[in-house]
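Each chain, written out:
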Amino acid sequence: MTMSNDEHLRVSKIKDGTVIDHIRAGQALKVLGILGIDGANDEQITVGMNVSSDRHSRKDIVKIEGRELSQEEVDVLSLIAPNATINIVRNYEVAEKRRVDRPDVVEGVLSCPNPNCITANNEPVTSKFDVLEDGTRCRYCEQIISDDIPSLIDPE
Ligand code: CTP
Ligand code: ZN
């Protein structure tokens, strides 16, 4: 058996649910964060980090058992994992393969780093960011953030 098959066995197949594949190596925990998955409920999650990818490189992979991500949830991933592939698995087969599309707006996912922003002051407002070519802009204070968007993910 080849090395590559061994790697596949290391992260076993799921029966029903969602496989987020081809995540940039090291980003899997951010993917879980942006999806609000923290292992607190009963969901069965498998995370593979730095597993071998076909092209002599490494990738992360996340498998969510028993839950099909909506297109809206998938699109939020474009902020941190634009090249990820979303596989909807039904009865062990890949039933659908989706690409991540860039949404125009993301609500309630990121927190604004501007300490003077109304969203940073315990007001009952939901964060709202416009998604730009190379960053995001807070709808409330208009601050544009281009670097390290994963660090803005609201830890809740
Ligand atoms: N997968 C899984 N459980 C299943 C079926 C598939 O965990 N019951 C995973 C595979 O291990 C793989 C991903 O879902 O990581 C996509 O499966 P598949 O389309 O069969 O693999 P590839 O053709 O290699 O996908 P791609 O072309 O997107 O790389
Ligand atoms: Zn703001």
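These figures come from a predicted structure and were not determined experimentally. (Residues numbered from 1 in each chain as written. Chains lettered and ligands numbered in written order. Predicted model: local features only at pLDDT ≥ 70, side-chain atom pairs only at ≥ 80, totals over all residues. Heavy atoms only, no water.)

### Quick look at the coordination of the zinc ion (ligand 2)
At the metal site, the zinc ion (ligand 2) is ligated by Cys-112 (SG), Cys-117 (SG), Cys-138 (SG) and Cys-141 (SG), and these contacts range over 2.3 to 2.4 Å. Taken together, the 4 donor atoms coordinating the zinc ion (ligand 2) and their angles of 100 to 114 degrees define a geometry best described as tetrahedral. Of note, the zinc ion (ligand 2) draws all its donor residues from one chain, in the sequence arrangement C-x4-C-x20-C-x2-C. Highlighted residues: Cys-112 in the loop between β6 (105–107) and β7 (128–132) and Cys-141 in the loop between β8 (135–138) and β9 (144–145), separated in sequence by 29 residues. Judged by its relative accessible area of 10%, Cys-112 falls in the buried class. (Donors = N, O, S within 2.8 Å, 3.2 Å for Na, K, Ca; no water. Tetrahedral: all angles 85-135°; square planar, octahedral: opposite > 155°, others 65-115°. Helix = DSSP H or I, 4+ residues; strand = E, 2+ residues; numbered from the N terminus. Buried < 20%, exposed > 50% of the residue type's maximum accessible area, 1.4 Å probe, protein only.)

### Some thoughts on the pattern of salt bridges
Scanning all chains against the criterion turns up 9 salt bridges. Between Arg-90 and Glu-68 there is a salt bridge, with its nearest N and O atoms 2.8 Å apart. Taken as a pair, Arg-90 in strand β4 (residues 85–90) and Glu-68 in the loop between β3 (57–65) and α3 (71–76) lie far apart in primary sequence, 22 residues in all. Of the residues examined, Arg-90 reaches a relative accessible area of 34% and is grouped as partly exposed. Through salt bridges with shared partners, a single network forms among Glu-68, Arg-90, Glu-96 and Arg-98. (Salt bridge = Lys/Arg side-chain N within 4 Å of Asp/Glu carboxyl O.)

### As for the nonpolar core
In terms of nonpolar packing, the biggest core is built from 33 residues, with Ile-20, Val-31, Ile-34, Leu-35 and Leu-110 touching the most fellow members. At the level of secondary structure, the elements contributing two or more residues to this core comprise β1 (17–24), α2 (28–34), β3, α3, β4 and β7. With 4 residues, the single largest contributor to this core is α2. Among the domains, domain 1 (17–99) and domain 2 (105–151) are the pair contributing at least three residues each to this core. Not counting chain neighbours up to four residues away, the residues in contact with Ile-34 comprise Val-76, Leu-77, Leu-79, Ile-80, Val-109 and Ile-153. (Core = buried A, V, L, I, M, F, W, Y, C linked by side-chain atoms within 4.5 Å. Domains from an automatic or database assignment. Contact = heavy atoms within 4.5 Å.)

### Here's the deal with the site of ligand 1
The environment of ligand 1 is formed by 13 residues, the closest being Ile-14, His-22, Lys-63, Tyr-92 and Lys-97. His-22 has a polar side-chain atom sitting 2.7 Å from an oxygen atom of ligand 1. Here an oxygen atom of ligand 1 sits 2.8 Å away from a polar atom, N or O, in the side chain of Lys-97. Coverage of ligand 1 by the protein amounts to 69% of the 600 Å² it exposes when considered alone. Looking at the shell around ligand 1, the elements with two or more residues in it are β1, β3, β4 and β5 (93–99). Here the shell around ligand 1 is composed, by residue class, of 6 nonpolar, 3 polar and 4 charged. (Near = heavy atom within 4 Å. Polar contact = N/O pair within 3.5 Å; in protein donor to acceptor, adjacent residues only side chain to side chain. Areas by Shrake-Rupley, 256 points an atom, 1.4 Å probe, with all protein chains shown as cover. Nonpolar A, V, L, I, M, F, W, Y, C, P; charged D, E, K, R; others polar.)

### Concerning the domain arrangement of the chain
A common measure of how large an interface is: the accessible area buried when the components associate. Domain annotation for the chain reports domain 1 (17–99) and domain 2 (105–151). With centres defined by C-alpha atoms, the gap from domain 1 to domain 2 works out at 24 Å. On the domain 2 side, the residues contacting the 6 residues of domain 1 number 8 residues. Carbon and sulfur atoms supply 86% of the area that domain 1 and domain 2 bury against each other, a total of about 520 Å² over both sides. On the domain 1 side of the interface with domain 2, the three residues burying the most area are Lys-30, Val-76 and Leu-79, jointly 72% of the side's total. Counting the contacts that link domain 1 with domain 2 gives 0 salt bridges. (Buried area = accessible area lost by both parts, 1.4 Å probe.)

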